[in-house]
Amino acid sequence: MTIEKGSCHCGAVRWEFFLPIKTVVKCHCSNCRKLQGSDYSTWVVVPGEQYSITQGSEKITKYQANEKSSKNFCSNCGTAVFLSNGKHFPGNVVLALGALESYSEELSPKIQVYTSNKAEWVRLHDDEPVIS
Ligand SMILES: [Zn+2]
Ligand SMILES: [Zn+2]
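- Looking at an unreviewed UniProt entry, one finds the protein chain named GFA family protein and attributed to Pseudomonas benzenivorans.
- Comment text from UniProt for the protein chain, heading Sequence similarities (unreviewed entry), reads "Belongs to the Gfa family."

**Description of the coordination of the zinc ion (ligand 1)**
Inference 1: Binding of the zinc ion (ligand 1) to the protein goes through Cys 8 (SG), Cys 10 (SG), Cys 74 (SG) and Cys 77 (SG), at separations of 2.3 to 2.4 Å.
Inference 2: For the zinc ion (ligand 1), the 4 donor atoms in the first shell make angles of 105 to 115° at the metal, a pattern classed as tetrahedral.
Inference 3: Within one chain, the residues serving as donors to the zinc ion (ligand 1) are arranged as C-x1-C-x63-C-x2-C.
Inference 4: A relative accessible area of 29% places Cys 77 in the partly exposed class.

**Quick word on the coordination of the zinc ion (ligand 2)**
Inference 1: The zinc ion (ligand 2) binds to the protein through Cys 27 (SG), Cys 29 (SG) and Cys 32 (SG), with metal-donor distances spanning 2.1 to 2.3 Å.
Inference 2: Mapping the donors of the zinc ion (ligand 2) onto the primary sequence gives the spacing C-x1-C-x2-C.
Inference 3: Look at Cys 29 and you get buried, because its relative accessible area is 10%.

**A few points about unusual backbone geometry**
Inference 1: A cis amide bond links Leu 19 to the next residue, Pro 20, at an omega of 0°.
Inference 2: Residue position: Pro 20 is located in the loop between strand 2 (14-18) and strand 3 (23-27).
Inference 3: The phi torsion at Tyr 114 lies on the positive side, around 55°, for a residue other than glycine.
Inference 4: Residue position: Tyr 114 is located in the loop between strand 10 (111-113) and strand 11 (130-131).
Inference 5: In this structure Tyr 114 comes out as partly exposed when scored by relative accessible area, which is 34%.

**Notes on the environment of Glu 120**
Inference 1: Take Glu 120: it is sitting in the loop between strand 10 and strand 11.
Inference 2: Take Glu 120: its relative accessible area is 80%, and that puts it in the exposed class.
Inference 3: For the pair Glu 120 and Val 45, spaced 75 residues apart in sequence, the C-alpha separation works out to 26 Å.

**Regarding the nonpolar core**
Inference 1: In terms of nonpolar packing, the biggest core is built from 21 residues, with Trp 15, Phe 17, Val 44, Tyr 51 and Leu 95 touching the most fellow members.
Inference 2: Elements supplying a minimum of two residues to this core: strand 2, strand 4 (41-47), strand 8 (80-85) and strand 9 (92-96).
Inference 3: Ignoring any residue separated from it by four or fewer positions in sequence, one finds Tyr 51 in contact with Trp 15, Glu 16, Phe 17, Val 46, Val 81, Phe 82, Val 93 and Leu 95.
Inference 4: Judged by nonpolar contacts, the second largest core, of 14 residues, contains Val 25, Cys 32, Val 94 and Ala 96.

**Remarks on the UniProt feature "domain: CENP-V/GFA" (unreviewed entry) in the protein chain**
Inference 1: With numbering matched to this structure, UniProt assigns "domain: CENP-V/GFA" (unreviewed entry) to residues 4-122.
Inference 2: Strand forms 43% of residues 4-122 and helix 6%; the C-alpha atoms that close the span are 28 Å apart.

The rules we used
- Residues numbered from 1 in each chain as written.
- Chains lettered and ligands numbered in written order.
- Predicted model: local features only at pLDDT ≥ 70, side-chain atom pairs only at ≥ 80, totals over all residues.
- Heavy atoms only, no water.
- UniProt positions renumbered as here; feature names shortened; annotations may be inferred.
- Donors = N, O, S within 2.8 Å, 3.2 Å for Na, K, Ca; no water.
- Tetrahedral: all angles 85-135°; square planar, octahedral: opposite > 155°, others 65-115°.
- Buried < 20%, exposed > 50% of the residue type's maximum accessible area, 1.4 Å probe, protein only.
- Helix = DSSP H or I, 4+ residues; strand = E, 2+ residues; numbered from the N terminus.
- Core = buried A, V, L, I, M, F, W, Y, C linked by side-chain atoms within 4.5 Å.
- Contact = heavy atoms within 4.5 Å.

If you want it as structure tokens, here you go:
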């Protein structure tokens, strides 16, 4: 069983999950832009039962972004620990790729979504199917 790990910038919160994951999504929507502060976001989608917080759960603050989505972040440094997206990925946790410890092939982006909202300078990758 392969275990992947993640941690926030200050190191207070740590988490892990095991493979195989559901998918890795590169999202160009305006929601993700605001939540992550980046021109697009790459999210690792993991079945909830394969994920656990191994340290610092008491440091996590939950922000309810809308009716079905929330962002749980480290209260100390602001790093996204996990997000929930009940609309597109019920039963899964959504993890920011950039906060993980390793970048193995399994974690490479698989699909691109909301590409109609993408920033003008972002080039789509031909080998990642666009799901709109
Ligand atoms: Zn932190
Ligand atoms: Zn998005």
